[in-house]
Every structure is written in structure tokens, then in C-alpha cells.
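Listed here are the chains, written in short residue letters.
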Amino acid sequence: MPIFTRNCIFGANNMLMPPVLRFRKLHFFSPSKEPSVSPEGSQITPDEDNTVPAPKHPLPSCAGKSKNPKERTPKRRRPREWRCIDTCCWAIGYFCTAWWLLLFIYHSLPVPAMLQPPESPGTRLRRDGVTAVHPVVLVPGIVTGGLELWEGRPCSEGLFRKRLWGGWFTEILRRPLCWLEHLSLDGETGLDPPGIRVRAVPGLVAADYFAPGYFVWAVLIENLAKIGYEGKNLHMAAYDWRLSFHNTEIRDQSFSRLKSKIELMYITNGYKKVVVVPHSMGSIYFLHFLKWVEAPPPDGGGGGPTWSADHIKAVVNIGATFLGVPKAVSNLFSAEGRDIAYARALAPGLLDSEILKLQTLEHVMRVSRSWDSIVSLLPKGGEAIWGDLDSSPEEGQACSFSTKKSPKLSETDLNSRNNSVKSVSRVKEPTKYGRIIAFGKRASELPSSQIPSLNIDEISRSSRTSDANSSCGEIWTEYNEMSRESMVKVAENTAYTATTVLDLLRFVAPKMMRRAEAHFSHGIADDLDDPKYRHYKYWSNPLETKLPDAPDIEMYCLYGVGIPTERSYIYKLSSTSSSGQCKSSIPFRIDSSVDGETKDSCLKGGVHFVDGDESVPAISAAFMCAKGWRGKTRFNPSGMETYVREYKHKPPGSLWEGRGMESGAHVDIMGNFGLIEDVLMIAGGASGREIGGDRVYSDVMKLSERINVRL
């Protein structure tokens, strides 16, 4: 068919043309502008880049004139410009192709024996005859449990019963302010704001994965299933980790439901006592439950003094925060820790309001200060546990944790070691760990006699103001009510211990502390028989409450060591606050420019480090099992057995190991094969002595002996 005839047909039947013909037209006939004819009869094209001479005679129009199509010379196309989206598409294509190719090779070719992952603990123990004996209850900690929306504001349309916390976190990008609003709690009550209901995701899926591919409890659950566990004898005690522990019962009846579930599992599994496995903050949450279940109504569960002895076989605490964590102080004080301080040093102003006007940290502080649970993680025991201005239990320790070689200690070696081993320090400069917050490196090193004393109450009475002209930022925090003069006085060459830092927080965040301290206490009891300790605010502090009268229960403290863990901080006054240019409403920040004088110093980036699991110092996770509850003490009147088992951190040796099968990190330890084996053995009926008793790599026993607490 001649070209001009085919064009006429396409033009006349464009609306009825089949999709295939339309596709052919788009690909083989590029649209061209109507040529103009010169007086000599030649065509003049409007394309200035076209250098091909036009034919002498124009092509006939669709009206009927025809000409030989071979005389028509097509126009030269201009090359299409390469755009950024083309690069992205090609990159995604290459990535997907490589991924599928590697996946095909992995499943098609035999994997060398040296690259094959070792046999899982559950498979090996099942072959050795270990089976499910005791029902198991898992208690997640802070942050790792999923939260879903049941009622929200108009901006949350389409999110009913979808996860706001945990999962893909897509709503952070789609509607960040709406997401933050729904995760915040009421500033007065610590409960839901009006018109918002966010609840804990129920079941094992609540905390098996924090995000896709990032396991929390999933590996342990899988190994428990291999020795016979399933829904009837395995339960996840999910709760809203933002609330104070007492409020989880007031709003959601979490303790009542946990009590009923344990009783049901006890009966339906042949009257076998339950093994409870709390992680992180879940340890003090369950400690609160042990007092609640025995207490009479209305503040307690009415189970009586023998309930725990009748229903619980063992409490296996993993990475417990029994005595608190110093990083909770930095979180509440300046909404940062080591990682945030490092990011602020790399990109100054990016997380503040100086560049993008996002006020990211202000939003984080506003939301986190509405969560009473964070206050439960503040250091407990004051200077007796964490040290004063001049000394601390960790003073003189070495800081090269990853390379420090420590022999594994059995239970019989501990007493002789504590008496014979002398402290060897590789730290050149003085380290005052007891100064949890020090303004300036000089204040962190000076003798206590040279540090100016500061009366927070006097500053509060004389300098606090609500003058709007003194406030900074558009996102409200309690710093907006502080005058610049009071900020400067707080930061003048001053250091704060675990005792005085609570006074500091009461000054900078009085509403938060007043609300939260109605639910939590951080001291040491003088007389545990005093009736005041029957109040629920003392129940989550192991130094202000007694363990149940249940000598047959075994109490375990399992945790990782060998990772530098935040212990104290060097702060500075933000330059914008000191100069009066209020671009950020957070006037204090970690001074990430401060480092120690030696390569193996414990001071890096404005943070002093000690041994721990990256989040919880070893002394917090172990002291109660190592000393506070060891034997019959006033905190453990029945003398229930306690065991300390440490897991030396070993980073993954290859990509095949994922996050590591010997990791001691706070969350990654949940995939540690040694820890999983211990938990499975205990659930299968083994006692603490049968799994090896104490296993200690660190100096935690010696540190515990340095702590002078009346037992």
C-alpha cells in the first residue's frame, strides 16, 4: 500500500483503529509538521537541524493526489535526552536482575559446607530429646512491639487497624505530622488524647519482627516451635509500651489478661508451671506484674501471696533494665544519644531547624516526653549504684571491649576471682562515670571540690519564666518556658550525678516528671516493710520492692557483653541559645567534638562508654542477680535461686550469618544461638545448675562488690 494511501486510511479511521494498528502507527510513523512549498516547488521543513534536502515535489495530500513514496526522504530524529529517571530505571533493572540471578544460583548450586549456616539450636536439641515441657510467655520491651490504630483524627483516614508502629513505617513519609500526633499521649493524663485510640498489636506477630527482615523474637519463636511449641503453650504478652505500667492495666487490663492467660496455660498444659521470658523493659514490667498479681484489689490482681509460687517456674530476663539506662537521660534531656550526636556532627543543623526548618528533634522530644515508660528507664539507686562526683563502680576499667580477652568463669571461680584480681587501667585521663551529665570536658574531670554547687530549686524560683519572648522554636516543648538566663546557669561548669540529674529533669521538664513520678520511683528503700512501699509506683524498682515468697522460682539474668555502652555524657549549651538566636528550642546538646586523650579511651564523641550490650550497661542488667537477689536478702526474702549468664559479643563473620549467631547486642542477642539454647533447655525442664550455673566474662561480679547497698 502506498504511504500516502496508508496515511489517509489511518487519518480517516483513527477513532476505530484497532490497538495493534495504533501501536504500529506510533512506532513507525512519527508525526511531522505540514511542509511548505517554495515558489520553485521544493519543500521547506521547519526543522532547523534537518540537513537532508527535501524532495522536489511535495507528497500528495489525502485529497487524492499521489506520488511515488520512494522520492520522500524521512526526517532525521533528534536523539532523546538522558534523564535522571532513566538512570534510576536502569539501576533498578540491574539490581533486580542481579538479585534474581544470585537467588537462582543460590538455590540451584550446592552451597559449600563452610558457607552453610550451622544447625539451629531447636533442631539439635530436638534430636537430643528436648521437648516442650513448660508453657512459655514472652514479654517484649520498649519500642519493639507493634501498635495499630483503632480511632483517629481525619488525617488518619484509611489507617484503621493498620500499624502505626512496626512494619513498613510508610506513614512517616506520607503524613509525618499526623503520624506523630497519633503516637503522642495526653500530656496531663499519660493516656490517649481525645479522639485517638492506638492499641498494641495482639499475638506473636506483635513483636516477632520490628520491620520486614529485622527480627526481634522471630528466631527464638521458630526454635521453640522446633521442640514442640505452638499457640496453646506459647504466648506473647503484648502491651502498649508507651504507657506507665499501671496505666496499661487501667486502660487495657493488660495485667488482668496476662494473669488469666498464665492460669489458663497452667491448667491446659497438665499443670506445668510457666516459664516467663521478658526482654529489656519487659523485665521491670513483669516485676511490676509480680507485685500487682499478689496485691488486693482495686490496685492489685488479688492472687494472694502464693500465686507466683503456684504458677511460675522461672523468669528468664534478657537484657534487663533493672537499674535503668543512662541513655534514657540523654533522650529526655536533649532527644539524642551517641548516634544522633554523631549525625548532628556530620551534618550540622540538618536535624535541627537551621536548614530544612523541620525541627526533627523538637518533634521527637515532644512525642517521647509524652511516653511515661521512658521515665521508668531512668537510672535507679542514685549515687549508691551509679557513683558520685568522685567515684563509680566502673572506675579504672579498660575500654577495648571487643579485643579484651576474659576467661569464662564458672560459679566456683567467682568468689576467688573477686578477691584476687586487681584492677588494671589503660585509661590515661581521669574518668568520672558518676557524672552522668557534665557541661564541658573540664567539668567531667575536675575534683568535686572545684565544681561549683548549684541549687536547682533557687534557679527554678528566680529564673523560670513563661515569657513568650524568651522561648525558642515553633514546636512546643517545656524548654519554651525557660529563660535564657536559667539555661546558662544550668550549664555553667556543672556536673550532675544519678541523684541530681533527676532534679535537673524536674527543672527542665516539670510537667512530664510530675506526671511520670506518680507511677515510678528511682530510689533505694530504707525499710521495705514501710506501708508506703505498697504503692504501685515502687513495684517496678527492684531496690524498692521484694520478690515473691517463692523459693522454687529461678531468676535468670541473661545479657550480652563486649560492646561499648553509653554511660555518661559531656554536654554544651547550643550556640543558638547562648547567642540569643533561637533557631532550636532544645538549648543543650552532646558535645561530639570531645574525645579522650588516648586511642583506647572510654571517651569518644562526648560520650563515656562502659561494658554492656550497646544499650544497657552490664551493671544494670546483672547487679540484682549477682548481688541484690543472691541468697536470702531483704530484696529476696525467700532466697530464690539467681543466675548470671553472659554472652560475649562476636560480630557476624560473613553475610551468611545475617546479624550474627553470637551477637551480644541488645536486640540481636535474641538470635544468639547460645542464648536460644539456654532458653529452650529451661523451657524443656532443665534447672539453672543443669545448664551450667553462672557464666561470666566481664568484671560485673567485681563491680557488684564495689556497690555498697544494704542487703
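To start, this report covers the structure provided alongside it. (Residues numbered from 1 in each chain as written. Predicted model: local features only at pLDDT ≥ 70, side-chain atom pairs only at ≥ 80, totals over all residues. Heavy atoms only, no water.)

**Quick notes on a nonpolar patch on the surface**
Then step 1. Among the surface-exposed residues, L101, L102, F104 and I105 lie close enough to one another that they form a single nonpolar patch of about 420 Å² accessible area.
Then step 2. Examined against the element boundaries, L101 turns out to sit in helix α3 (residues 84–108). (Patch = residues over 30% accessible without salt bridge, like charges linked within 9 Å, V, L, I, M, F, W, Y side chains within 5 Å. Areas by Shrake-Rupley, 256 points an atom, 1.4 Å probe, with all protein chains shown as cover. Salt bridge = Lys/Arg side-chain N within 4 Å of Asp/Glu carboxyl O. Helix = DSSP H or I, 4+ residues; strand = E, 2+ residues; numbered from the N terminus.)

**Topic: the state of the cysteines**
Then step 1. Counted under the stated rule, the structure contains 2 disulfides.
Then step 2. Paired by a disulfide, C155 and C178 hold their sulfur atoms 2.1 Å apart. Between C155 and C178, the S-S torsion sits near 80°, and that sign places the bridge as right-handed. Of this pair, C155 sits in the loop between β4 (147–151) and β5 (163–165) while C178 sits in helix α6 (residues 176–183), placing them 23 residues apart in sequence.
Then step 3. Taking the relative accessible area as the measure of exposure, C155 reaches 31% and is therefore partly exposed.
Then step 4. Each disulfide pairs two cysteine sulfurs, and for C557 the partner residue is C625, the sulfurs being separated by 2.1 Å. What sets the handedness of the C557 and C625 disulfide is the S-S torsion sign, and at about 70° it is right-handed. One end of the pair, C557, is in strand β14 (residues 554–561); the other, C625, is in helix α23 (residues 618–628), and 68 residues separate them in sequence. (Disulfide = S-S within 2.5 Å. Buried < 20%, exposed > 50% of the residue type's maximum accessible area, 1.4 Å probe, protein only.)

**Brief notes about the sheet that holds strand β6 (residues 197–200)**
Then step 1. The strand order across the open sheet built from 3 strands is β5-β4-β6, with neighbouring strands paired in antiparallel fashion. Two strands bound the open sheet, and with one partner strand each, they are β5 and β6. In this sheet, adjacent strand axes meet at a mean angle of 45° when their direction is disregarded.
Then step 2. As paired strands, β4 and β5 are joined by 2 bridges and run antiparallel to one another. Residue pairing for β5: E148 is matched across the bridge by R163.
Then step 3. On the sheet, α6 packs against β4, β5 and β6 and is oriented at approximately 80° with respect to β5. (Pairing = 2+ DSSP bridges. Axes fitted to C-alpha atoms, helices over the stretch in contact; angles between N-to-C directions. Contact = heavy atoms within 4.5 Å.)

**Some details on the nonpolar core**
Then step 1. One finds W217, F289, F333 and I437 to be the most contacted residues of the largest nonpolar core, which totals 165 residues.
Then step 2. When neighbours within four sequence positions are excluded, F289 is seen to be in contact with F255, L258, K259, I262 and W307.
Then step 3. With 5 residues, the next largest nonpolar core counts A438, A443, L446 and A495 among its residues. (Core = buried A, V, L, I, M, F, W, Y, C linked by side-chain atoms within 4.5 Å.)

**Regarding the sheet that holds strand β9 (residues 234–236)**
Then step 1. Here 6 strands make up an open sheet; going across it, the order is β9-β3-β10-β11-β14-β19 and the pairing parallel. Strand pairing shows two members of the sheet lacking a second neighbour, β9 and β19 (641–648), which therefore form its edges. If you compare each strand with its neighbour and ignore which way they point, the axes differ by 15° on average.
Then step 2. Sheet analysis places strand β11 (residues 312–318) next to β14, joined by 5 bridges and oriented parallel.

**Quick notes on the pattern of salt bridges**
Then step 1. The tally for this structure, following the rule as stated, stands at 30 salt bridges.
Then step 2. For R153, the salt bridge goes to E181, with nearest N and O atoms at 2.4 Å. Remark: E181 occurs in helix α6 and R153 occurs in the loop between β4 and β5; sequence separation between them is 28 residues.
Then step 3. Residue R153 is classed as partly exposed on the basis of its relative accessible area of 27%.
Then step 4. In this structure E181 comes out as partly exposed when scored by relative accessible area, which is 29%.
Then step 5. With its nearest N and O atoms 2.8 Å apart, the salt bridge here joins D192 to R199. Of the two residues, D192 and R199, neither departs from the other in class, the shared state being buried.
Then step 6. Residues joined in a network through salt bridges with shared partners are D192, R199, D240, R242, R251 and D252.

**So, the packing of aromatic side chains**
Then step 1. Within this structure, the stated rule accounts for 31 aromatic pairs.
Then step 2. Their ring planes at 10° and their centres at 6.0 Å tell us that W165 and W179 sit as a pair that is stacked. You can see W165 sitting in strand β5 and its partner W179 sitting in helix α6, a full 14 residues away along the chain. The burial state of W165 is the same as that of W179; both residues are buried.
Then step 3. Centroid distance F255 to Y285: 5.0 Å. Interplanar angle 35°. Geometry classified as tilted. Here the residue F255 occupies a position in helix α9 (residues 254–268), and Y285 occupies one in helix α10 (residues 282–294), the gap between them amounting to 30 residues. A single burial state applies to F255 and to Y285, both of which are buried.
Then step 4. The ring of Y214 has R659 sitting right over it, with the charged end atom 3.7 Å from the ring centre.
Then step 5. One Lys or Arg, R659, reaches over the ring of F215 and ends 3.9 Å from the middle of that ring. (Phe/Tyr/Trp six-rings, centres within 6.5 Å; stacked < 30°, edge-to-face > 60°. Lys NZ or Arg CZ within 6 Å of the ring centre and 35° of its normal.)

Honestly, that's just the spatial picture; any functional story needs more than this.
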